[in-house]
Amino acid sequence: MTTTEPDVLDFPGAETLEAAGRVDPPSPSAVAAAQAAVREAVARDMAAVPRQRRGRVRRRSAVAALAVAAVTAAVLVYPTVSVDGGPPAGSANAAAFLQHVADAAADESKPATDVPYWKVRARYTHSGGKADIQTTWFSRTAVILEQAPGGGDSGACHDGFCYFPEPRGMVWTIGKTKLTWDELGKLPTDPAALKTRLLGDSAGNIATTGILYNSIVQLLATAPSSPQLRAALFEILAGMDGVRLVGLVKDSAGRQGTAVEWQGPELHHRLIVDPDTSDVLEHQEKGAITGGAWLGTTYLSVGPAWKLG
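Residues numbered from 1 in each chain as written. Predicted model: local features only at pLDDT ≥ 70, side-chain atom pairs only at ≥ 80, totals over all residues. Heavy atoms only, no water.

Draft legend 1. Representation of unusual backbone geometry. The residue Asp159 is not glycine, and still its phi comes out positive at about 55°. Relative to the helices and strands, Asp159 resides in the loop between strand E4 (157-158) and strand E5 (161-165). We classify Asp159 as exposed; its relative accessible area is 65%. The backbone phi angle of Ser278 is positive, close to 70°, even though this residue is not glycine. With relative accessibility at 0%, the residue Ser278 sits in the buried group. (Helix = DSSP H or I, 4+ residues; strand = E, 2+ residues; numbered from the N terminus. Buried < 20%, exposed > 50% of the residue type's maximum accessible area, 1.4 Å probe, protein only.)

Draft legend 2. Expanded view of the pattern of salt bridges. The tally for this structure, following the rule as stated, stands at four salt bridges. Ionic pairing is found between Asp182 and Arg140, a salt bridge with its closest N-O pair at 3.1 Å. Of the two residues, Asp182 sits in helix H5 (residues 181-184) while Arg140 sits in the loop between strand E2 (131-138) and strand E3 (142-146), which places them 42 residues apart along the sequence. Residue Asp182 is classed as partly exposed on the basis of its relative accessible area of 47%. Its relative accessible area of 29% is what places Arg140 among the partly exposed residues. The salt bridge partner of Arg270 is Glu261, with a shortest N-O separation of 2.6 Å. (Salt bridge = Lys/Arg side-chain N within 4 Å of Asp/Glu carboxyl O.)

Written out as structure tokens, the structure is:
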């Protein structure tokens, strides 16, 4: 794990800017032009958004304004020391980043979850570097897997698919509770209430943070969670102790995202997300049980599906 706090400004030339070190301050006219551009962009965004959503848009516009100002002034906006003169607060950076992702997750243009299937195509990395790709369709009554080539027909598999009926439909395990697809839609979207619901009777015991973290990742990465639920999950993650910002990375599929890390009781976790879409690109774990190597799941595509195949 790197000990250097990188920036999360994703724009052409960012690496060159960072390598250049100190540069002369911008001219007053350049600053004025940048500020005018920010004000114009904010005004345009606000005019195009319904009134009830403007609170979130203001927060996103503020983040964009800070980014533009940082680029104009040729500085990085992350702290170099904490308020008490100690090392930089990586958790504060992570919280600010995750709050931004929460706003992106709340975008109402995200795909609807009221569909027949939820399709997850993922690559699973195992010990020794072995990896396999599996496509899974979740429905309200079954889990359907893409059949391996040449598998032939059997009791559960036919026509290229293997069907595994679930008495209650597909369920997601949250702590000690199993939630069906329809029950996911009844979860509270207020972050404080949602956190209490996810922890259930586990609140206060030594495994609390691990249960909470694993529940958040599962609901963000594989479940048909609504935009409002996803936003609340990112806000809870932003408030968790020990979550640290890593910065720009590439996942195992070569896609660029931003990583945050969290040290659990037994495993070190890394979550890579696309900050613009809030999509989870990859979740990795490292510890004694993984032989010290990063192992995990790369989510190649996740979303609604109207038919198999």
